[in-house]
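Listed below, chain by chain, are the residues.
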Amino acid sequence: MFSKSKINEPGTPATPSTDAAKPASPAPSSAPASDFKSAAPKAKPPASQLSTDLHITGNLKTTGDIQIEGTVDGDIRAHLLTVGEGATVNGECVADDVVVNGRIVGTVRGLKVRLTSTARVEGDIIHKTIAIESGAHFEGSVQRQDDPLNAGGKAAPRAAAPKE
């Protein structure tokens with residue numbers, strides 16, 4: 001577009017070069033701004049936290065992560081659910097990953113369920129993989145399912161279904 005010889009030439013007037021630069025400057029400045037917005041990766045939002053002094057009556061649902069430190073009387077559905085050491089949940093907990101440090105009274109459904117040594121669970125656990133640390137208290141039944149997030153009961157075996 002521009003050549004070095006024209007810019008450095010002593011006989012070149014200043015007005016033609018500035019006129020030539022004006023039409024070119026709006027296009028490059030707007031193009032990188034739009035490229036930057038579309039190319040920028042979206043950061044994962046931080047986990048939602050419910051503090052120790054919070055008592056919630058009702059259901060919680062999120063596609064993100066949640067950390068409970070207070071008391072929840074209701075069902076919880078999340079991607080990653082962490083129940084803090086002093087927390088109490090009275091209801092069903094459904095998440096891809098469930099980490100229990102505190103107390104849950106109700107059914108726990110998760111692809112990965114982990115009960116730490118301070119966990120207290122009174123209810124059934126339906127999981128794909130489970131880890132129970134020494135010292136955890138658990139009263140209920142444990143059932144492995146390939147799709148534990150499906151609340152419709154036992155998952156039908158996929159191999160039995162004919163493919164067309």
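Thresholds applied
- Residues numbered from 1 in each chain as written.
- Predicted model: local features only at pLDDT ≥ 70, side-chain atom pairs only at ≥ 80, totals over all residues.
- Heavy atoms only, no water.
- Helix = DSSP H or I, 4+ residues; strand = E, 2+ residues; numbered from the N terminus.
- Buried < 20%, exposed > 50% of the residue type's maximum accessible area, 1.4 Å probe, protein only.
- Areas by Shrake-Rupley, 256 points an atom, 1.4 Å probe, with all protein chains shown as cover.
- Salt bridge = Lys/Arg side-chain N within 4 Å of Asp/Glu carboxyl O.
- Core = buried A, V, L, I, M, F, W, Y, C linked by side-chain atoms within 4.5 Å.
- Contact = heavy atoms within 4.5 Å.

### Thoughts on the overall build of the protein chain
For step 1, the next point in the chain: Helix and strand content of the protein chain: three helices and 14 strands.
For step 2, the next point in the chain: When each of the 164 residues of the protein chain is scored for burial, the buried share is 27%.
For step 3, the next point in the chain: Element-wise, carbon and sulfur atoms account for 55% of the exposed surface of the protein chain, whose accessible area totals about 10,700 Å².

### Here we look at the pattern of salt bridges
For step 1, the next point in the chain: Throughout the structure, instances matching the rule amount to four salt bridges.
For step 2, the next point in the chain: Among the salt bridges present, the one from Arg 144 reaches Asp 146, with a minimum N-O distance of 2.9 Å.

### Observations regarding the nonpolar core
For step 1, the next point in the chain: Among the nonpolar cores identified, the biggest contains 23 residues, and Leu 60, Ile 66, Ile 68, Ile 76 and Leu 81 are the most heavily contacted of them.
For step 2, the next point in the chain: Elements supplying a minimum of two residues to this core: strand S4 (65-68), strand S6 (76-83), strand S8 (93-100) and strand S10 (108-115).
For step 3, the next point in the chain: Every residue in contact with Ile 76, bar those within four places of it in the chain, is listed here: Leu 60, Ile 66, Ile 68, Leu 81, Val 89, Glu 92, Cys 93 and Val 94.

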